[in-house]
Amino acid sequence: MKRQMPSTREIEQEIVGRVKTMFRKDFEMATKEEIYRACAEVVNDVVIDNWLTTQKSFVQQDPKCVYYMSMEFLIGRLLGNNMINMRGYTEVMDALDELGVDINEVEDQEPDPALGNGGLGRLAACFLDSLATLQYPAYGCGIRYHYGMFKQKIEDGYQQEVPDNWLQTRYPFELQRTEYEFEVRFGGWVRYDSQPDGTTKYIHEGYNAVIATPYDLPVTGFDNGMVNTLMIWDAKPKEVFRLDSFEKGDYSRAVEDMNLARNLTEVLYPNDNHIQGKELRLKQQYFFVSASIQRALAKYLRYHKDIKKLPEKVVFQMNDTHPTLTVAELMRILMDVHGLGWDEAWEITTHCVAYTNHTIMSEALEKWPQDIFKRLLPRVFMIVEEINRRFCDEIRAKFPGDEDRVHRMAILADDQVKMAHMAIAASYSVNGVAALHTEILKNVSLHDFYEMYPEKFNNKTNGITQRRFLMHGNYKLSDWVIKKIGRGWITDLSQMKKLESFVDDKKSLDEFMAIKLDNKKRLAKYIWEHNGIEVDPNSIFDVQVKRLHEYKRQLLNILHVMYLYNQIKENPEMDFYPTTFIFGAKASAGYENAKLIIKLINNVAAVINNDKSIDDKIKVVFIEDYRVSNAEWIFAAADVSEQISTASKEASGTGNMKFMLNGAVTIGTMDGANVEMYQELGGENIYIFGMSSDEVIAHEKNNDYNPVDVMNGNHHIQKVLQQLVNGNYSIDNPELFRPLYNSLLNTQCTAKADTYFVLKDFASYCETYEKIQEAYKDKYKWAKMALENVAHVGKFSSDRTIQEYVDDIWHLDKLDLK
Ligand code: HBZ
């Protein structure tokens with residue numbers, strides 16, 4: 001039976017009661033943090049009952065489960081989300097209101113769990129939300145990083161990274177599960193033991209071991225009583241090392257084990273779309289993969305005898321190549337622990353694993369040096385060698401005489417282990433994350449593999465959860481939509497199309513835009529409090545928030561702002577609708593150009609925001625520490641969504657969908673899921689510019705793009721480029737931005753210049769932007785366009801995406817919770 005949240009009155013009493021028992025305080029004396037903890041327990045109480053019921057249904061119904069294997073789950077705060085999913089948000093808000101406390105301040109006490117970098121990690125979190133809401137049995141498997149994504153401080157315009165110590169005080173939503181601990185082994189060597197029956201046993205010796213302890217987090221479904229589990233693994237030494245003991249055994253091994261455990265789960269690698277190749281990262285991968293598989297198999301074997309039927313009950317979905325060790329580790333356990341032969345183990349493995357690709361960027365393709373891999377995982381490496389040997393034979397059988405192809409496709413080549421190749425060789429499904437991306441995989445980056453296994457390739461266009469990104473982040477619009485079309489869209493986003501009946505109704509459009517204005521005021525207040533910049537909520541809010549990467553082209557955006565500023569200065573009477581350009585982005589700590597782009601944005605902001613002569617026509621704001629919690633407010637307040645990656649580079653994008661859901665109009669390239677947004681919206685409701693992916697790919701292939709030619713043909717570009725290096729935006733050090741200038745124009749022709757075609761797309765971007773300016777001046781035209789975006793967002797719910805994974809890849813049944 002689904003347990004509901006209590007009434008407002010009861011919640012109020014419970015909060016007061018909890019504050020008393022947890023903190024020995026009268027409510028009036030409680031801090032905001034204590035109130036937050038009390039609320040968390042009130043909500044947890046309901047969640048836990050539903051969690052128990054869900055677990056009992058698992059036992060009774062014995063359903064097939066997906067294990068979503070991911071190094072990252074960017075879940076964001078749970079209190080608000082769980083209150084919404086338990087249908088108790090308003091009740092808690094009212095209860096707190098009665099007690100004289102603002103719910104936002106209470107929610108703000110929760111650390112924002114940032115166990116991910118960006119899109120890939122947030123996608124995993126949206127998927128878990130949708131799986132629970134659609135009542136599909138699922139486990140998320142990840143790592144309990146002690147330090148998540150760093151916090152970003154901006155000092156003198158530069159990004160500073162500050163550690164994110166989210167576990168400093170107890171996190172109220174996690175449950176330590178020592179009863180599900182497993183050992184994970186690293187290093188050592190493999191001894192061969194011949195058996196009387198002629199087979200060989202492989203015995204792993206001399207290893208270092210750690211104990212993996214899972215912490216379970218509840219994943220609540222919306223209003224259905226379903227609570228799935230996200231298990232995140234922490235490491236501890238196998239034996240607590242006793243310094244005072246006489247019998248210390250192998251002293252140095254014990255020290256090593258302790259250090260291994262201490263480092264393993266310490267910190268998330270803060271790189272997106274870029275691989276550093278650090279040994280500790282490989283250890284992290286093996287650690288969580290091995291522990292998760294062990295737990296999955298233990299659960300399976302509790303109720304089933306025949307390990308060969310594993311694929312009937314278990315599927316491992318690998319979120320990019322980071323968990324690809326799933327393939328070899330499952331093989332190892334099936335053979336070395338359960339005694340299966342190679343063919344039997346391979347048959348099972350290849351029916352249990354599936355792989356999602358999230359990028360075509362070559363610097364993100366995971367390759368590990370074979371020597372490191374072999375030293376760290378000697379037995380697993382032997383298995384990879386055998387997988388590779390058989391895979392190469394298979395290639396030769398299908399393409400006789402094509403040794404070049406064998407070399408290109410091999411898992412082991414050039415002294416490296418190529419993780420994507422192993423993932424594809426073993427998976428029964430390989431998917432991209434948007435239609436265009438999947439086509440590029442098939443026709444370009446993974447073409448060899450597509451020719452070998454066309455049946456494995458499929459597309460699953462990404463999606464987002466409307467519960468967090470509309471109901472929670474934009475409750476005013478959410479309530480308005482409910483008033484207009486009812487509640488069906490909460491679990492069936494396609495119903496948003498019912499809003500079509502209001503797109504020509506001026507009164508509705510007025511209400512709709514009044515909500516946008518309220519959300520802009522809320523963000524303006526946030527910006528004032530956090531950045532000390534005053535912005536006008538009546539100006540256009542033009543927003544680009546995402547990780548900082550050259551392919552995402554924040555540089556194009558800021559160069560365009562510099563250009564607009566020049567235009568206004570040269571032509572003060574120019575008709576220009578006041579616009580606030582809002583940026584938010586973290587750069588990987590070691591990514592110099594990305595960090596310099598942040599500095600450039602801040603310097604441009606400092607110059608423009610302080611120039612009284614332009615009458616506040618342009619403001620530039622860099623929002624510090626862009627993360628899930630402030631993202632929700634930013635999407636709600638946006639008028640214009642910047643999705644301007646170089647065509648072919650952004651696999652899908654998901655921020656684009658969150659803006660659309662909140663009624664922002666996109667200016668973007670034909671890249672990733674923008675293409676599908678365009679298809680859903682029609683050309684009138686989205687602003688597309690720039691080269692197509694085919695054009696980009698052709699230039700890359702022919703190596704025939706010369707940015708200097710583009711610059712010479714466009715005096716606006718010449719001017720902004722000069723301003724990059726003449727001290728206009730860096731008076732003290734005119735050379736400061738030289739590296740960015742060089743990245744666009746390198747005339748020494750040693751390095752490639754303007755890899756991401758910023759200059760090539762500049763003119764088209766400027767032209768298209770003018771149309772946005774024009775459109776915004778016509779209030780109802782704009783409002784209609786914005787509402788059309790909400791009305792056509794249906795496809796981009798992660799509920800739709802998950803249903804497609806279930807139908808085409810996972811084949812799960814819904815859990816019956818009655
Ligand atoms: O995955 C992103 C894609 O860039 C984006 O287009 C897509 O929408 C999203 C979800 O499919 N990729 C990432 O976010 N990638 C990473 O964060 C990443 C993290 C660690 C790595 C490599 C990539 O080692």
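All of these numbers come straight from a predicted model, not from anything done at the bench. (Residues numbered from 1 in each chain as written. Predicted model: local features only at pLDDT ≥ 70, side-chain atom pairs only at ≥ 80, totals over all residues. Heavy atoms only, no water.)

The next thing to look at is the overall build of the protein chain. Assigned secondary structure in the protein chain consists of 31 helices and 23 strands. In summary, the protein chain has a C-alpha radius of gyration of 27 Å against a globular reference of 28 Å for 818 residues, a match within 12%. By its C-alpha atoms, the protein chain is 95 × 70 × 55 Å across when sized along the principal axes. Long-range pairs, those at least 24 residues apart, make up 77% of the contacts in the protein chain between residues at least 6 apart in sequence. Of the accessible surface of the protein chain, which amounts to about 31600 Å², a share of 48% is contributed by carbon and sulfur atoms. (Helix = DSSP H or I, 4+ residues; strand = E, 2+ residues; numbered from the N terminus. Rg over C-alpha atoms; globule rule 2.2 N^0.38 Å. Contact = heavy atoms within 4.5 Å. Areas by Shrake-Rupley, 256 points an atom, 1.4 Å probe, with all protein chains shown as cover.)

Now for the pairing of strand 21 (residues 640–643). Residues Val640 and Glu642 of strand 21 are buried on one face, and the alternating residues Ser641 and Gln643, pointing to the opposite face, are buried as well. Of the strand pairs in this sheet, strand 21 and strand 22 (residues 665–668) are connected by 4 bridges, and their pairing is parallel. In the sheet register, Gln643 faces strand 22, and the bridge partner there is Gly668. In this fold, the crossover linking strand 21 to strand 22 by way of helix 23 (residues 655–661) has right-handed handedness. (Buried < 20%, exposed > 50% of the residue type's maximum accessible area, 1.4 Å probe, protein only. Pairing = 2+ DSSP bridges. Right-handed = clockwise from strand over helix to strand, strands pointing away.)

Turning to the site of the ligand, a few remarks are in order. Close to the ligand lie 21 residues; Leu120, His358, Asn462, Glu650 and Gly653 are nearest. Bound to the protein, the ligand loses 97% of the 520 Å² it would expose on its own. Tallying contributions element by element places helix 6 (residues 119–133) first for the shell around the ligand, with 3 residues. Residue classes in the shell around the ligand are distributed as 6 nonpolar, 11 polar and 4 charged. (Near = heavy atom within 4 Å. Nonpolar A, V, L, I, M, F, W, Y, C, P; charged D, E, K, R; others polar.)

Under the counting rule described, the total for this entry stands at 7 cavities of 30 Å³ or more. Volume-wise, the second largest cavity comes out at about 160 Å³. Ile75, Leu78, Asn81, Ala125 and Val219 are the residues nearest the centre of the second largest cavity, which is lined by 14 residues in total. Sorting the residues of the lining of the second largest cavity by element identifies helix 3 (79–85), helix 6 and strand 9 (208–220) as the ones contributing at least two each. Its residues assigned to classes, the lining of the second largest cavity shows 8 nonpolar, 3 polar and 3 charged. (1 Å grid on protein atoms, 1.4 Å probe; cavity = no way out; pocket = protein on both sides within 12 Å on 5 of 7 lines; lining within 4 Å. Points joined across faces, edges and corners; volume = space filled by probe spheres on them.)

With respect to the helices, strands and loops of the structure, Ala673 is situated in the loop between strand 22 and helix 24 (674–681). You can call Ala673 buried: its relative accessible area is 0%. Here the alpha-carbon distance between Ala673 and Arg77, two residues 596 residues apart in the chain, equals 26 Å. Ignoring any residue separated from it by four or fewer positions in sequence, one finds Ala673 in contact with Ala434, Ala651, Ser652, Gly653, Asn656 and Met657.

Once that is clear, we can look at the packing of helix 27 (residues 715–725) against helix 28 (residues 738–745). For the pair helix 27 and helix 28, interaxial distance at closest approach is 8 Å and the crossing angle is 145°. The way helix 27 lies across helix 28 gives a crossing that is left-handed. Between helix 27 and helix 28, the residues in contact are Leu721, Gln722, Leu724 and Val725 and Arg738, Leu740, Tyr741, Leu744 and Leu745, respectively. When the residues that make up the contact of helix 27 with helix 28 are grouped by side-chain class, the tally is 7 nonpolar, 1 polar and 1 charged. (Axes fitted to C-alpha atoms, helices over the stretch in contact; angles between N-to-C directions. Left-handed = near helix turned anticlockwise from the far one by under 90°.)

On to the sheet that holds strand 22, then. Taken in spatial order, the 6 strands of this open sheet run 20-19-18-21-22-23, and their pairing is parallel. Strands at the two margins of the open sheet, each flanked by one partner only, are strand 20 (618–622) and strand 23 (687–688).

All right, on to the nonpolar core then. Phe373, Met496, Ile618 and Trp810 are the most contacted members of the largest nonpolar core, which has 278 residues in total. A total of 11 residues in this core trace back to one element, the largest contributor, which is helix 2 (residues 32–61). Of the domains in this structure, domain 1 (62–77 + 112–460) and domain 2 (466–690 + 761–802) are the two that each give at least three residues to this core. Not counting chain neighbours up to four residues away, the residues in contact with Phe373 comprise Leu282, Leu325, Trp368, Val380, Phe381, Val384, Val417 and Met419. (Core = buried A, V, L, I, M, F, W, Y, C linked by side-chain atoms within 4.5 Å. Domains from an automatic or database assignment.)

Our next topic: the confidence of the model for the protein chain. Put simply, the protein chain has an average pLDDT of 96, and 98% of its residues get 70 or more. Per-element confidence in the protein chain is highest for strand 1 (residues 65–69), whose mean pLDDT is 99, and lowest for helix 7 (residues 251–264), whose mean pLDDT is 87. (pLDDT = per-residue confidence, 0-100.)

Right, let's get into the layout of surface pockets. Of the voids in this model, the largest pocket is the one considered here, and its volume is about 1000 Å³. The set of elements that each furnish at least two residues to the lining of the largest pocket consists of helix 2, helix 4 (89–98), helix 5 (103–107), helix 17 (466–472), helix 18 (475–485), helix 19 (506–531) and helix 22 (628–637). With 9 residues, the top contributor of residues to the lining of the largest pocket is helix 19. The residue inventory of the lining of the largest pocket, partitioned by class, reads 11 nonpolar, 10 polar and 20 charged. Both of domain 1 (62–77 + 112–460) and domain 2 (466–690 + 761–802) provide at least three residues apiece to the lining of the largest pocket.

Overall, the coordinates contain 28 aromatic pairs when judged by the stated rule. When the centroid spacing of 5.8 Å and the interplanar angle of 75° are considered together, the rings of Tyr68 and Phe127 count as edge-to-face. A residue pair is termed long-range when its members are at least 10 positions apart, and Tyr68 in strand 1 and Phe127 in helix 6 qualify at 59 residues. Overall, Phe127 belongs to the buried group, its relative accessible area being 0%. (Phe/Tyr/Trp six-rings, centres within 6.5 Å; stacked < 30°, edge-to-face > 60°.)

What follows covers the UniProt feature "modified residue: N6-(pyridoxal phosphate)lysine" (unreviewed entry) in the protein chain. Mapped onto the present numbering, the UniProt feature "modified residue: N6-(pyridoxal phosphate)lysine" (unreviewed entry) falls at Lys658. Note that Lys658 resides in helix 23. Judged by relative accessible area, Lys658 falls into the buried class, the value being 6%. Setting aside chain neighbours within four positions, we find Lys658 in contact with Arg122, Ile464, Phe469 and Phe635. (UniProt positions renumbered as here; feature names shortened; annotations may be inferred.)

With that settled, consider a negative patch on the surface. A contiguous patch of negative charge, built from Asp94, Asp97, Glu98 and Asp102, is present on the exposed surface. Along the chain, the position of Asp97 falls in helix 4. (Patch = residues over 30% accessible without salt bridge, like charges linked within 9 Å, V, L, I, M, F, W, Y side chains within 5 Å. Salt bridge = Lys/Arg side-chain N within 4 Å of Asp/Glu carboxyl O. Lys, Arg positive; Asp, Glu negative; His and termini not counted. Charge placed at Lys NZ, Arg CZ, Asp CG, Glu CD.)

The subject of this paragraph is the pairing of strand 3 (residues 151–155). Two strands pair when backbone bridges link them, and strand 3 and strand 4 (residues 158–162) are joined in this way by 5 bridges, in the antiparallel orientation. The residue bridging Lys153 from the neighbouring strand is Gln160, located in strand 4. Joining the antiparallel neighbours strand 3 and strand 4 is a turn of 2 residues, in which Asp156 adopts a positive phi near 55°.

In this section: the sheet that holds strand 15 (residues 416–418). In any sheet, the strands associate via hydrogen bonds between backbone groups, in a parallel or an antiparallel arrangement. Pairing is antiparallel across the open sheet formed by 3 strands, whose spatial order is 13-15-14. The open sheet terminates on both sides in strands that have one partner only, identified here as strand 13 (367–369) and strand 14 (412–413). Of the pairings in the sheet, the one linking strand 14 to strand 15 comprises 2 bridges and is antiparallel in character. Residue pairing in the sheet places Leu412 in a bridge with Val417 of strand 15. Where helix 14 (residues 419–426) meets the sheet, its contacts fall on strand 13 and strand 15, and the angle it forms with strand 15 comes to roughly 45°.

This paragraph deals with the pattern of salt bridges. Considering all chains together, one arrives at 67 salt bridges under this definition. Arg800 is the salt-bridge partner of Glu804, the closest N and O atoms lying 3.3 Å from each other. Within this pair, Glu804 and its partner Arg800 are both found in helix 31 (residues 798–810), separated by 4 residues, close to a single helical turn. On the basis of relative accessible area, Glu804 is assigned to the partly exposed category, the value being 26%.

With that out of the way, let us pick up the domain arrangement of the protein chain. Annotation of the protein chain at the domain level lists domain 1 (62–77 + 112–460) and domain 2 (466–690 + 761–802). Relative to domain 2, the C-alpha centre of domain 1 lies at a distance of 35 Å. Facing the 46 residues of domain 1 at the interface are 44 residues of domain 2. Carbon and sulfur atoms supply 57% of the area that domain 1 and domain 2 bury against each other, a total of about 3600 Å² over both sides. Put simply, domain 1 and domain 2 have 6 salt bridges between them. Across the pair Arg627 and Asp112 runs a salt bridge whose closest N-O atoms are separated by 3.9 Å. (Buried area = accessible area lost by both parts, 1.4 Å probe.)

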